[in-house]
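In case you want the letters, here they are:
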There are 2 protein chains.
Amino acid sequence: MSAAAKPRLVMKFGGTSVAGVERIRNVAALVKREVENGYDVAVVVSAMSGETNKLVALTREMSPLHDAREYDAIASSGENVTAGLTAIALDTIGVPARSWAGWQIPIKTDGVHGSASILDIDPKGIEDRFAQGTMAVVAGFQGISPEGRITTLGRGGSDTSAVALAAALKAERCDIYTDVDGVYTTDPRIVEKARKLDKISYEEMLEMASLGAKVLQTRSVEMAMIHRVKTQVLSSFDGQVGADLPGTLVCDEDEIMEKRLVSGIAYSRDEAKITLVKVPDRPGVAAAIFSPLADAGINVDMIVQNVSDDGKTTDMTFTTGKADFERALKVLEDNLHDIRHERVSTDTNVVKVSVIGVGMRTHAGVAQTMFKTLAEKGINIQVISTSEIKVSVLIAAEYTELAVRALHTAYGLDGP
Amino acid sequence: MSAAAKPRLVMKFGGTSVAGVERIRNVAALVKREVENGYDVAVVVSAMSGETNKLVALTREMSPLHDAREYDAIASSGENVTAGLTAIALDTIGVPARSWAGWQIPIKTDGVHGSASILDIDPKGIEDRFAQGTMAVVAGFQGISPEGRITTLGRGGSDTSAVALAAALKAERCDIYTDVDGVYTTDPRIVEKARKLDKISYEEMLEMASLGAKVLQTRSVEMAMIHRVKTQVLSSFDGQVGADLPGTLVCDEDEIMEKRLVSGIAYSRDEAKITLVKVPDRPGVAAAIFSPLADAGINVDMIVQNVSDDGKTTDMTFTTGKADFERALKVLEDNLHDIRHERVSTDTNVVKVSVIGVGMRTHAGVAQTMFKTLAEKGINIQVISTSEIKVSVLIAAEYTELAVRALHTAYGLDGP
């Protein structure tokens, strides 16, 4: 115990990276290289790809209205399998390792089954084993509630497990191994010249994640930002390990030398537009519309209110996720008797395109460039919303690729 | 809490009984009927049939020499799935239930991973929930070691979980639901007239189980005997529940009214015979032969020693399980340099046939009937061994069916 503690690393592997014995052996080989690089490593693993879906389908088939505590007991089991197999794979190549279920560490969460939040992780057990030379393999996605029941962190929750564990272990870095090699300036399937970013700030990544660039779970980015955990996204299939920084590092804004106005163009097809035509333009109308939606747990994203010609009525437009769309219409129908709007018009054939960059905080003109670029391509903007580091517009879905490509070029993001 | 505690029942369902959503719904329906019969019920479930085999195969593929603690973490996960699904199925039909993993109860075991023994079960958590009207669904096959690691009880261990839980809960009975409707006087695939036994004593069941009538795991019968847990074997597919006593009750000898000389004819094909021909007939020879086998963990079953004609040498014959056969030969080869036997002769084409019955304790002539019956059919007996309630003979495998049928008739076991 006299030796100084080694630097620590958390390495997280997603479902495709652990889908089968051979892939888990590949994971073990990557972990071994970091151990040889001098790190104490905690590995966080997802279930084999498809496994959790299979378990969730069984649960739904048994009853659509199942107890969320039982859902968690069932859905968490795939991670126990991959954690055990990964520990065996490490042992086999001479890296002593043991698996940890969430409750064994423990990873304490609140009692919100199905999408629990991590409250606290006690790193002592893992640290004691590090001191004995034993690496940790942790089942991702799971924790234990105050009542001693198994909880899960929601889909993609293993990313959150990994970042939280990195914070608790004061790890040098949290490397998220996945099936893509980093975060791109935009979707490479749409823009051939999309470039991989070496670094991206937490804030930008958060906008990217929440806008549908599904590389990292949004909550894991929030947690990385709060605890300032350097988090790298990289591929488990190209043979490189995190120490070489081959992926995209999600880090503090200050650590990014190359300052960019815009870091990326994101888009989300998961949008539905609802317009209440000619609602009376009087105080309390917005509350009357949006309170019932909030009560029903429906997340409303973009909202615009246009004053109409007569000055007495207004059109109220907003967007929801496609999954909430039908339910939102039902809630409106049940609650809008008193509002006396003319009619409801809807459109699910829309897409939200966003330009994201911390640079726009200090530079004007980012939004104007966006509007001008889209106008030049003849693309009509239906709704606009902005935040400190993001401008989003809602456009017709058929223009998605055209808009993303044009904006990628306009902001100088095209690679060589 | 003022109401008197209800009588309790443990209902255990094997892998075929929980193989899929529909079958689990059937299980829930059976449990509901016992709840309506006035019982507090603890349900013990196995993994879906095939699941544990799949997990074990993955573990072996990863490494034949895997850490047994990781094996247990992996192999135990199938039971968590069925326990959760069963709890949901019960909730859905109006029977409040929650699932329990072994560590949650806890079911405390020793640290012999892969075949752990149950040391203690704390029934308080389940009892508290019973008092609130919530039934228990317990993941079978698993427990927790003194070090806080998950243990498994060995294949078929869910039977042991169920019996141990019945003892801890002081249950009125432990009903083991399986894909057969009880314990038969012999294998019905061989003897059409085999009869289902209404009752069988613990001691007889123990001999039946250890001889290959694989209805109940041997260790579960031992535990039932030690704790005097009334245990019923019955089918989950014929629509009857335990209260009607449709299966076979394994119970104390005193509770069996109908006294029989012989309760059943068992056979085991898992036998291999080894003969050391012409070993010197002097003190210490048996020890020299069997000590190395014992050291190697090889279980030797039947042993006979014949004095040969010259009075100076003897033939030593014994049997092992087929799985140990090759290894036993290797151990002998490595250790018998000094014995100077003439040669080793082997035969794996043998079967052990046994007649079992507590009645033979007080009645002579049971063995004679056996020998006479086999002689009449021209079947040569190679080895004989006896215990207080059992006579076993080793014969050539080709006579298996003939011998079992003849003995079944000779002891008056043929049904109508």
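Rules used throughout
- Residues numbered from 1 in each chain as written.
- Chains lettered and ligands numbered in written order.
- Predicted model: local features only at pLDDT ≥ 70, side-chain atom pairs only at ≥ 80, totals over all residues.
- Least-squares fit on C-alpha atoms with pLDDT ≥ 70 in both.
- Contact = placed C-beta atoms within 7 Å.
- pLDDT = per-residue confidence, 0-100.
- Buried ≥ 20, exposed ≤ 12 C-beta atoms within 10 Å, placed from the backbone.
- Helix = DSSP H or I, 4+ residues; strand = E, 2+ residues; numbered from the N terminus.
- Pairing = 2+ DSSP bridges.
- Domains from an automatic or database assignment.
- Nonpolar A, V, L, I, M, F, W, Y, C, P; charged D, E, K, R; others polar.
- Axes fitted to C-alpha atoms, helices over the stretch in contact; angles between N-to-C directions.

Visitor: Would you mind going over the relation of the copies chain B and chain A with me for this structure?
Guide: Related by rotation about an axis and a shift along that axis, the two copies of the chain form a pair. Mapping chain B onto chain A calls for a screw motion: a turn of 180° about the axis and a shift of 0.0 Å along it, with 0.2 Å RMSD after fitting. The transformation just described matches what one would write down for a two-fold rotation axis. Within chain B, Ser77(B) has its C-alpha nearest the rotation axis, a separation of 2.8 Å. Most of the interface of chain B is mirrored in chain A, where 100% of its interface residues are also at the interface.

Visitor: Just checking my understanding: could you explain the confidence of the model for chain A for this structure?
Guide: Caution is warranted with low-pLDDT regions, since their predicted coordinates should not be read in detail. For chain A, per-residue confidence averages 92 on the pLDDT scale, and residues scoring 70 or more make up 98% of the total. Both scores are available for the predicted complex, with the pTM at 0.85 and the ipTM at 0.81.

Visitor: How do you make sense of the pairing of strand E11 (residues 231–235) of chain B when you look at a structure like this?
Guide: Consecutive side chains of a regular strand alternate in pointing toward one face of the sheet and then the other. All names here are of chain B. Across the five residues that make up E11, a large majority, four, are buried. Bridge analysis of E11 against strand E12 (residues 248–251) gives three bridges, and the strand direction is antiparallel. Of the residues in E12, the one forming a bridge with Thr 231 is Val 250.

Visitor: Looking at this model, I keep getting lost on the domain arrangement of chain A. Mind explaining?
Guide: How big an interface is tends to be stated in terms of accessible area lost as the parts join. Looking at the assigned domains, one finds that chain A contains domain 1 (8–180 + 215–254) and domain 2 (272–347). Between domain 1 of chain A and domain 2 of chain A, the C-alpha centre-to-centre distance is 41 Å.

Visitor: Please explain the environment of Pro96(A) as it appears in this structure.
Guide: Residue and element names in this part refer to chain A. Secondary-structure assignment places Pro 96 in the loop between helix H4 (77–92) and strand E3 (97–100). When the C-alpha atoms of Pro 96 and Ala 136 are compared, they prove to be 8.8 Å apart, with 40 residues separating the residues in sequence. Leave out the neighbours within four places in its chain, and Pro 96 touches Asp 91, Gly 133, Thr 134 and Met 135.

Visitor: Any chance you could explain the interface of chain B and chain A here in plain terms?
Guide: Contact with chain B, which involves 27 residues of that partner, is made by 27 residues of chain A. Taken together, the elements giving at least two residues each to the side of chain B that touches chain A come down to helix H1 (21–36), helix H2 (51–62), helix H3 (68–75) and helix H4 (77–92) of chain B. Ranked by residue count, the leading element in the side of chain B that touches chain A is H4(B), at 11 residues. Classifying every residue of the side of chain B that touches chain A gives 13 nonpolar, 10 polar and four charged.

Visitor: Looking at this structure, how should I read the sheet that holds strand E17 (residues 343–347) of chain B?
Guide: What holds strands together in a sheet is hydrogen bonding between their backbones, with the strands either parallel or antiparallel. Residue and element names in this part refer to chain B. A sheet is described by the order of its strands in space; here four strands give the open sequence E15-E16-E14-E17, paired in antiparallel fashion. Edge positions in the sheet fall to strand E15 (300–307) and E17, since each has one partner strand and no second. Across this sheet, the average inter-strand angle for adjacent strands is 20°, counted without regard to direction. Those strands touched by helix H9 (residues 285–295) are strand E14 (272–280), E15 and strand E16 (313–320), and its axis lies near 145° from that of E14.

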